[in-house]
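Each chain is listed here by its residues.
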Amino acid sequence: MIIRNTPVRPPQTSGTESTAARPAAPAARNVVKDSFASGTNAAQRTGAVGKAPPGDHGKLMSEYLTGARPPPADFEQVMGYKPYAIQTPHGQRMQDPLGYASVPGKIGPDKEFDPAAKTHDYGYDLLRYYDRKGTPLKPEARKAADAQFRQDMFDYANDQKGGVAKFKYRAWAQIYATAVELNSRVQGYGPP
């Protein structure tokens, strides 16, 4: 459907009005501010991303996983997907839509821990992303991703009704989290 509006014509003036009586020219177009960084607009914030930002990479990872920091501008191009946010009873989490709980033999409650696994997968993809950009994140970043995974699984376990269900899910959360953390240690807390 094509909609055509009639063009708006500027008001005709006789040329005798002073320029002070004329309405001021419209201000520059409103630029939407990026809520993730005060003082910068979205175009400036998502500009060139070439290397890992300096500072606490554990905190950086936590901000990415909770959605407090948007994904890097070219993350989708480099990694092949766009992360999305979900709301959990314990806060917002960013997710890898292609992620899943990769449990050998599919033992245990892998479906129940799937949201935690998708957030963890996004965290590991951030490690891979920065490695591909030539500036790998510090070991604290992987430790933070693993800690968030542990916390999310234990939050799920503790939200269960009844003592038996809580015990069951806590036991599996401990098994899964320990396996992930041992694997991270073996890999030197670098990109997987």
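About the cut-offs
Residues numbered from 1 in each chain as written. Predicted model: local features only at pLDDT ≥ 70, side-chain atom pairs only at ≥ 80, totals over all residues. Heavy atoms only, no water. Pairing = 2+ DSSP bridges. Helix = DSSP H or I, 4+ residues; strand = E, 2+ residues; numbered from the N terminus. Axes fitted to C-alpha atoms, helices over the stretch in contact; angles between N-to-C directions. Parallel < 35°, antiparallel > 145°, perpendicular 65-115°, else oblique. Contact = heavy atoms within 4.5 Å. Nonpolar A, V, L, I, M, F, W, Y, C, P; charged D, E, K, R; others polar. Buried < 20%, exposed > 50% of the residue type's maximum accessible area, 1.4 Å probe, protein only. Phe/Tyr/Trp six-rings, centres within 6.5 Å; stacked < 30°, edge-to-face > 60°. Lys NZ or Arg CZ within 6 Å of the ring centre and 35° of its normal.

K.L.:
Explanation requested: the pairing of strand β1 (residues 84-88) in the structure shown.
P.N.:
Side-chain direction in a regular strand flips from residue to residue, so the side chains alternate between the two faces of the sheet. Pairing of β1 with strand β2 (residues 91-95), which is carried by 5 bridges, proceeds in the antiparallel orientation. Looking across to β2, one finds that I86 is bridged to R93. Counting the residues in the hairpin turn of β1 and β2 gives 2 residues.

K.L.:
Got a minute to help me understand the packing of helix α4 (residues 114-132) against helix α5 (residues 139-158) in this structure?
P.N.:
α5 packs onto α4 with a crossing angle of 175° between their chain directions and a minimal axis gap of 9 Å. Here α4 lies roughly antiparallel to α5, going by the angle between them. Across the interface between the two elements, A116, A117, T119, H120, G123, Y124 and L127 from α4 touch A141, R142, A145, D146, F149, D152 and M153 from α5. For the contact of α4 with α5, the per-class residue count stands at 8 nonpolar, 3 polar and 3 charged.

K.L.:
Before we go on, may I ask you to explain the environment of G123 in this structure?
P.N.:
Summarising the element assignment, G123 is placed in helix α4. Under the relative-accessibility criterion, G123 is labelled buried at 0%. Separated by 28 residues in sequence, G123 and Q95 have C-alpha atoms that sit 8.8 Å apart. Setting aside its immediate chain neighbours within four residues, G123 contacts M61, L65 and A145.

K.L.:
Where do I start with the packing of aromatic side chains in this structure?
P.N.:
Aromatic ring pairs are defined here through the distance separating the ring centres and the angle between the ring planes. Scanning all chains against the criterion turns up 10 aromatic pairs. Taking the centre distance of 6.2 Å and the plane angle of 80° together, the rings of F113 and Y169 count as edge-to-face. Residue F113 is located in the loop between β2 and α4, and its partner Y169 is located in helix α6 (residues 163-186); the two are separated by 56 residues in the primary sequence. Ring centres of Y129 and Y130 lie 4.9 Å apart, and the angle between their planes is 80°; on these two criteria the pair is classed as edge-to-face. Judged on exposure class, the residue Y129 and its partner Y130 are both buried. Members of the aromatic cluster, each reached through a chain of ring pairs, are Y64, F75, Y81, Y122, Y129 and Y130. If you follow R69 out to its NZ or CZ, it ends over the ring of Y64, 5.9 Å from the centre.

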